[in-house]
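If you want the building blocks of each chain, they are given just below.
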There are 2 protein chains.
Amino acid sequence: MATLIDVAERAGVSVTTVSRMLNNRVPISPATRESIIKAMEDLDYQPNELARSLFKKNSLMIGLIIASANNYFFCKIIDSVEHYVTKHGYKLLLCLSNNKKQNEIAYFNMLKANQVAGVILASNTQNLERYLSFNAPLVTFDRMLSPHIPSVSSDNYNGGVLAAKHLLEKGCKRPAYVMDTRRMGMHANYRYDGFADTFKKSGIDLVVHAAPLDSFITMSYEDTIREFFQTHPEIDCVFTSNDIIAAQILRYCARQGISVPGQLKVIGYDDIDMASFTSPSLTTIRQPVDDLCRYAVESLINFKERNIASMTLFPVSLIEREST
Amino acid sequence: MATLIDVAERAGVSVTTVSRMLNNRVPISPATRESIIKAMEDLDYQPNELARSLFKKNSLMIGLIIASANNYFFCKIIDSVEHYVTKHGYKLLLCLSNNKKQNEIAYFNMLKANQVAGVILASNTQNLERYLSFNAPLVTFDRMLSPHIPSVSSDNYNGGVLAAKHLLEKGCKRPAYVMDTRRMGMHANYRYDGFADTFKKSGIDLVVHAAPLDSFITMSYEDTIREFFQTHPEIDCVFTSNDIIAAQILRYCARQGISVPGQLKVIGYDDIDMASFTSPSLTTIRQPVDDLCRYAVESLINFKERNIASMTLFPVSLIEREST
DNA sequence: ATCGGCATGACAAGGGGTTGACATCGATAC
DNA sequence: GTATCGATGTCAACCCCTTGTCATGCCGAT
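Because the structure is a prediction, the values reported are computed rather than measured. (Residues numbered from 1 in each chain as written. Chains lettered and ligands numbered in written order. Predicted model: local features only at pLDDT ≥ 70, side-chain atom pairs only at ≥ 80, totals over all residues. Heavy atoms only, no water.)

**Q** Break down the sheet that holds strand 11 (residues 311–314) of chain A for me, citing the residues and quoting the values.
**A** With respect to topology, twelve strands assemble into an open sheet ordered 11(A)-5(A)-4(A)-3(A)-1(A)-2(A)-2(B)-1(B)-3(B)-4(B)-5(B)-11(B), the strand pairing being mixed. Across the chains shown, the open sheet's two edge strands, defined by having one partner strand only, are strand 11 of chain A together with strand 11 (311–314) of chain B. Direction aside, the axes of adjacent strands within the sheet are offset by 25 degrees on average. Contacts from helix 13 (residues 289–301) of chain B reach strand 1 (61–66), strand 3 (118–122), strand 4 (138–141), strand 5 (151–154) and strand 11 of chain B within the one sheet, and its direction differs from that of strand 4 of chain B by about 165 degrees. (Pairing = 2+ DSSP bridges. Helix = DSSP H or I, 4+ residues; strand = E, 2+ residues; numbered from the N terminus. Axes fitted to C-alpha atoms, helices over the stretch in contact; angles between N-to-C directions. Contact = heavy atoms within 4.5 Å.)

**Q** Tell me about the domain arrangement of chain A, and name the residues and values.
**A** Residues and elements named next belong to chain A. When its domains are assigned, chain A resolves into domain 1 (4–47), domain 2 (58–154 + 290–314) and domain 3 (156–287). The gap between the C-alpha centroids of domain 2 and domain 3 is 28 Å. Opposite the 20 residues of domain 2 that make contact, domain 3 presents 17 residues. Contact with domain 3 buries surface across domain 2, with Tyr72, Phe73 and Ser154 losing the most and accounting together for 28% of the total. (Domains from an automatic or database assignment. Buried area = accessible area lost by both parts, 1.4 Å probe.)

**Q** An account of the interface of chain B and chain A is needed here, citing residue identities and associated values.
**A** Across the boundary between the two partners, chain B contributes 51 residues, which contact 51 residues of chain A. When chain B packs against chain A, close to 4,700 Å² is buried across both sides, 58% of that on carbon and sulfur atoms. On the chain B side of the interface with chain A, the three residues burying the most area are Leu50, Tyr72 and Phe277 of chain B, jointly 16% of the side's total. On the surface where chain B and chain A come into contact, there are four salt bridges. A salt bridge links aspartate 44 of chain B to lysine 112 of chain A, with the nearest nitrogen and oxygen atoms 2.9 Å apart. Counting only elements with at least two residues in the side of chain B that touches chain A, the list comes to helix 4 (49–56), helix 5 (72–87), strand 2 (91–96), helix 6 (101–113), helix 11 (243–256) and helix 12 (274–277) of chain B. Looking at the side of chain B that touches chain A, the element that brings in the most residues is helix 5 of chain B, giving seven residues. Across the side of chain B that touches chain A, the residue classes tally to 23 nonpolar, 17 polar and eleven charged. (Salt bridge = Lys/Arg side-chain N within 4 Å of Asp/Glu carboxyl O. Nonpolar A, V, L, I, M, F, W, Y, C, P; charged D, E, K, R; others polar.)

**Q** Would you mind going over the pattern of salt bridges in detail, with residue names and values included?
**A** Inspection of every chain in the model, using the stated rule, returns 26 salt bridges over all chains. With a shortest N-O distance of 2.5 Å, aspartate 42 of chain B and arginine 10 of chain B are connected by a salt bridge. Of this pair, aspartate 42 of chain B sits in helix 3 (residues 30–43) while arginine 10 of chain B is found in helix 1 (residues 4–11), placing the two residues 32 residues apart along the sequence. Here arginine 294 of chain B makes a salt bridge to glutamate 298 of chain B, at a shortest N to O gap of 3.8 Å. Of this pair, arginine 294 of chain B and glutamate 298 of chain B both sit in helix 13, separated by four residues, roughly a single helical turn. Using a relative accessible area of 33% as the deciding quantity, one classes arginine 294 of chain B as partly exposed. Salt bridges here are not isolated pairs; linked through shared partners, they connect Arg10, Lys38 and Asp42 of chain A. (Buried < 20%, exposed > 50% of the residue type's maximum accessible area, 1.4 Å probe, protein only.)

**Q** Summarise the relation of the copies chain B and chain A; cite the residues concerned and give the values.
**A** In screw terms, the move from chain B to chain A is a rotation of 180 degrees and a rise of 0.0 Å along the axis, fitting with an RMSD of 0.1 Å. What we have between these two chains is a two-fold relation. The C-alpha atom lying nearest the rotation axis in chain B is that of leucine 93 of chain B; the distance is 2.4 Å. When you check the interface residues of chain B against chain A, 100% turn up at the interface there too, and the contact is symmetric in its surfaces. (Least-squares fit on C-alpha atoms with pLDDT ≥ 70 in both.)

**Q** Kindly report on the environment of cysteine 253 of chain A, identifying the contributing residues and their values.
**A** Residues and elements named next belong to chain A. Within the secondary structure layout, cysteine 253 lies in helix 11 (residues 243–256). Residue cysteine 253 is classed as buried on the basis of its relative accessible area of 1%. Residues cysteine 253 and leucine 264, eleven residues apart in the sequence, show an inter-C-alpha distance of 8.6 Å. Among residues more than four places away in sequence, those in contact with cysteine 253 are Phe229, Ile258, Val260 and Leu264.

**Q** Which residues make up the pairing of strand 2 (residues 91–96) of chain A, and what are the values?
**A** Within strand 2 of chain A, six of the six residues are buried, leaving the element largely enclosed by the surrounding structure. Neither face of strand 2 of chain A is left uncovered, since the one carrying Lys91, Leu93 and Cys95 of chain A and the one carrying Leu92, Leu94 and Leu96 of chain A both have all their residues buried. Of the strand pairs in this sheet, strand 1 (residues 61–66) of chain A and strand 2 of chain A are connected by six bridges, and their pairing is parallel. Looking at the pairing, isoleucine 62 of chain A lines up with leucine 92 of chain A of strand 2 of chain A. The handedness of the strand 1 of chain A to strand 2 of chain A crossover, carried by helix 5 (residues 72–87) of chain A, is right-handed. With three bridges connecting them, strand 2 of chain A and strand 2 of chain B associate as antiparallel partners. The residue of strand 2 of chain B that forms the bridge with leucine 93 of chain A is leucine 93 of chain B. (Right-handed = clockwise from strand over helix to strand, strands pointing away.)

**Q** Tell me about helix 5 of chain A, and please be specific about residues and values.
**A** An α-helical turn contains 3.6 residues, so a residue and the one three or four places further along point in the same direction. All names here are of chain A. Along its 16 residues, helix 5 runs 23 Å from first to last C-alpha, staying within 8% of the 22 Å computed at 1.5 Å per residue. Counting buried positions over the 16 residues of helix 5 gives twelve, a clear majority of the element. Where helix 5 is concerned, the buried positions are Tyr72, Phe73, Phe74, Cys75, Lys76, Ile77, Ile78, Ser80, Val81, Glu82, Tyr84 and Val85. (Expected span 1.5 Å × (residues − 1).)

**Q** Lay out helix 10 (residues 222–231) of chain B in plain terms, naming residues and giving numbers.
**A** All names here are of chain B. The set of residues buried in helix 10 consists of Thr224, Ile225, Phe228 and Phe229. The arc that holds the buried residues of helix 10, viewed along the axis, is 125 degrees, so those residues lie on one side. The exposed residues of helix 10 that point more than 90 degrees off its buried face are Asp223 and Gln230. (Arc of directions from axis to C-beta.)

**Q** For the protein's contact with DNA strand C, give the residues involved together with the corresponding values.
**A** Taken together, 28 residues sit near DNA strand C, with Leu4, Tyr45 and Arg52 of chain A together with Thr17 and Thr32 of chain B positioned nearest. Take tyrosine 45 of chain A: an N or O atom from its side chain is 2.5 Å from a phosphate oxygen of DNA strand C. A distance of 2.9 Å separates a phosphate oxygen of DNA strand C from a polar atom in the side chain of lysine 57 of chain B. Put simply, the parts of the chain that give the surface near DNA strand C at least two residues each are helix 2 (15–22) and helix 4 (49–56) of chain A together with helix 2 (15–22) and helix 4 of chain B. Considering every element that reaches the surface near DNA strand C, the biggest residue donor is helix 4 of chain A, with four residues. Here the surface near DNA strand C is built from residues that sort into eleven nonpolar, eleven polar and six charged. (Near = heavy atom within 4 Å. Polar contact = N/O pair within 3.5 Å; in protein donor to acceptor, adjacent residues only side chain to side chain.)

Here you go:
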């Protein structure tokens, strides 16, 4: 690969001049500028980002640690984060942890070793914070690691409330909540709280059914759903902690001849694309994923002081489709 | 961040010794080794990968250029590629091009500037090769860029053959192929060829319907499907160029009261997870995506000579489910 | 006492680029 | 004619780590 020296020689100027031009540090005469540009093109020159970052003590890379790319909701996050990272001239280092603590720690150390400009942590097992030393800005997505680390998430509690109100309006009396295993620090836990609180205000208790840990990584909820229907044939509506569970419930119903929304109303969470592909299409709580991702990325990039620790919630909305 | 110098000072040895230990260049006495390890732990030291890579003239990064992470098939690729990249001690730089040539070129240059160890190109518009200068190993995924660049893909022609044979066995007489827009160099074009050739041998012609360019990025095929059914009400089976189209056809049929597989048999391509979520579940041609990705990653890592240009095809299989 | 081998140290150069200090030189202004 | 300014050059230090060369000191073998 051509280096700065090659470019300078070919353009007949000094290395300093080329470097200064590339970094906009000083006015350059049109003639010089042009000959440098010509030389760069001739040589197909790309400044070595490694050398640059080494000197500047930061690379224009942002790390995203997330459990898997096999889950449709996570894909949306990856897609959106990549978009904003690139838009701001950064690059995305993607780290898929499978939700395992040792992987998360290893990735985190790797990202530090690569001097990343920031890390978005959208995967974690509990008690991770003591392993992380914070020299790069860090923001967590959908979870709270510690009060000192900013987190972004949708307004999960309200999501639960909206779902419950909607089902109450539709006349449901025997609700259920089917969810991924509750894990400490997850904002998603508030979905349940909002949902349960709202039903309780109407004097209605609900059934809760949880999938095994980490089902969401591979999106395999079939056993959970079968089990759920076998143990709770009486329920008349179900709210799920994500659209994937809901979609699989719809499929289960189709096979078992349970009519939706006639016999059972189903409402999901997230509003992934798949929610509108199912049949019947899925009523769901929409998270503004794109906004969340943008905020996460931009808060890393604009990070100044470590003291702006906080929690940022984005509003959710109910999208009514055919399943309720 | 702590540097090598800090570690050496704290361990009471020379920088040279620490570096040599880290790089396994020389035997180190147990006592020294231990005090260095202790110092590294105390200081939470991570060797600066940038400096390391700069000296070694390569970084342990691999770039994946792909159109989007919003498409379920691409997600599988991303997931799998990340897995193998990490397994071999490399890191993944994810680049989402939206299938736009200028983005691809920009990403490619960025990857070169970051001295990546290799690039997997799974996105491209036509005639890209003249923009790429090859100092890093490159492998294309599902497309052929030029005879000099190795490509990996599934055996698409055979996939088409399998689909056609299966439908013929089921007694279909009026087949259709619904696909993404044909683009030059895509291996997926052979799906059509295999499918059409096989039906032609039985004296049967087929209807072809194509979605607008780039529909696959957002997976929006609704208009295409409506149009297709309006113009071709007579068909009795349909093969699609991917499972997402097929899933949306199933949904269309559910809404329109077209019974599957009774009135219409549907067969997809890829075997993404969603294929088993639909109702009825989807018969499809399975690609061994994980094998493809592993091969792509490992062929980059083991790359030695530029002269092993070739095309590598992986076998496909028909997964029969409920839709046929 | 001598020699060889082992573990380590000291030193310098190098990877590619950035930056500050200071010098140079031609052109413009007065 | 001199002061000024703008564009560029020269030089050295620096970012952090790696590596080759040569030196040193210690230990065990002879």
